[in-house]
Amino acid sequence: MLGKRIKNAREIKKLTQEKLAEIIGVSTVYISHLEIGSKTPSLETLIKISNVLEVSIDYLLANNLNTSVDYLKGDLAKILNSCSAKDISLILAVAKAIIEHNKDN
């Protein structure tokens, strides 16, 4: 839905992918990937898109909670890939403690 909303707002503003890309400083290919949903923009890029298209970030992200969770999981996986076994064990213990704490509240 994020990509469809970006495309819709871009078309309403009568901007081409090329022009939007130029304004926010990314490639046309990247805008294409955003619009078809194969890429997720960084927060900085999302803010730029929102400002140029004059739409709220809430509008762009509505119904995208799964995408957000997937993005966070990807970030977590990247962090874990750079950790030692000892670090991963500690992170796991902290995560379990947080989950248990949230169950009790």
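What counts and how
Residues numbered from 1 in each chain as written. Predicted model: local features only at pLDDT ≥ 70, side-chain atom pairs only at ≥ 80, totals over all residues. Heavy atoms only, no water. pLDDT = per-residue confidence, 0-100. Helix = DSSP H or I, 4+ residues; strand = E, 2+ residues; numbered from the N terminus. Buried < 20%, exposed > 50% of the residue type's maximum accessible area, 1.4 Å probe, protein only. Axes fitted to C-alpha atoms, helices over the stretch in contact; angles between N-to-C directions. Parallel < 35°, antiparallel > 145°, perpendicular 65-115°, else oblique. Left-handed = near helix turned anticlockwise from the far one by under 90°. Contact = heavy atoms within 4.5 Å. Nonpolar A, V, L, I, M, F, W, Y, C, P; charged D, E, K, R; others polar.

Asker: Before we go on, may I ask you to explain the confidence of the model for the chain in this structure?
Answerer: Detailed reading of the predicted coordinates is not advisable wherever pLDDT falls low. Here the chain averages 89 in pLDDT, and 90% of its residues register 70 or above. In the model of the chain, helix α6 (residues 65-81) stands out as the element of lowest mean pLDDT, 72, in contrast to helix α2 (residues 17-24), which has the highest, 97.

Asker: Would you take a moment to explain unusual backbone geometry for this structure?
Answerer: Generally, phi is negative for residues other than glycine and the peptide bonds are trans, each holding for most cases. The backbone of Lys14 shows a phi angle near 60°, a positive value even though the residue is not glycine. On the secondary structure map, Lys14 appears in the loop between α1 (2-12) and α2. At Glu54, a position not held by glycine, the phi torsion is positive, near 55°. Along the polypeptide, Glu54 turns up in the loop between α4 (43-53) and α5 (57-61). Classification of Glu54 as exposed rests on a relative accessible area of 62%.

Asker: For this particular structure, what's the right way to read the packing of α1 against α4?
Answerer: Each pair of packed helices can be described by the angle between their axes along with the distance between the axes. At a minimum axis distance of 10 Å, the contact between α1 and α4 shows a crossing angle of 30°. Judged on the interaxial angle alone, α4 and α1 are roughly parallel. The two elements α1 and α4 meet at a crossing, and its hand is left-handed. Where α1 approaches α4, its residues Leu2, Ile6, Ala9 and Arg10 are matched on the opposing element by Leu46, Ile49 and Leu53. Class assignment for the residues of the contact of α1 with α4 results in six nonpolar, no polar and one charged.

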